[in-house]
Amino acid sequence: MSHITADLRSVIEAAPDQTFRALVRTVDAPSAYVDQAEQAGLTVHRTYKLLQCMAVSGQGEALLRLAEAPWVQSIEPDKTVTTM
């Protein structure tokens, strides 16, 4: 089962060689999966223990492959958050 959001999947499938930034939510401590994410071809920018996720960037095809990993809960676009 793929754990990637439908909107991100459609954007990636249209341009799989493009670089994307994403948040990868993990089943437990994200630090345990940094090596696996990097082996998949992604750059891990930061891990968030409290949120159980890591901020990554890399080619879309690497994100699609990672979405099938059993330790991945979800993959979503990494968006800028602002306050009012």
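Please refer to the structure higher up on the page.
From a predicted model like this one, the values you see are computed outputs, not experimental measurements. (Residues numbered from 1 in each chain as written. Predicted model: local features only at pLDDT ≥ 70, side-chain atom pairs only at ≥ 80, totals over all residues. Heavy atoms only, no water.)

(A) Spatial organisation of the environment of Ala62. Within the secondary structure, Ala62 is located in helix α3 (residues 60-66). Judged by relative accessible area, Ala62 falls into the buried class, the value being 4%. Taking the C-alpha atoms as reference, Ala62 lies 6.0 Å from Gly41; in sequence the two are 21 residues apart. Residue contacts for Ala62: discarding those within four places in its chain leaves Ala40 and Leu42. (Helix = DSSP H or I, 4+ residues; strand = E, 2+ residues; numbered from the N terminus. Buried < 20%, exposed > 50% of the residue type's maximum accessible area, 1.4 Å probe, protein only. Contact = heavy atoms within 4.5 Å.)

(B) Local environment of unusual backbone geometry. The phi dihedral of Gln52 is positive, around 50 degrees, even though this residue is not glycine. Here Gln52 is to be found in the loop between β2 (43-48) and β3 (53-59). Exposure remark for Gln52: the relative accessible area of 30% places this residue in the partly exposed category.

(C) Layout of the nonpolar core. Residues Val24, Met54, Val56, Leu63, Leu66, Trp71 and Ile75 are the most contacted members of the largest nonpolar core, which totals 23 residues. For this core, the secondary structure elements donating two or more residues are α1 (6-14), β1 (19-26), α2 (34-39), β3, α3 and β4 (72-77). It is α3 that provides the largest number of residues to this core, a total of four residues. Those residues within four positions of Met54 in sequence are excluded, and the remaining contacts are Ala22, Leu23, Val24, Thr26, Pro30, Tyr33, Val34, Ala37, Val44, Arg46, Thr47 and Trp71. (Core = buried A, V, L, I, M, F, W, Y, C linked by side-chain atoms within 4.5 Å.)

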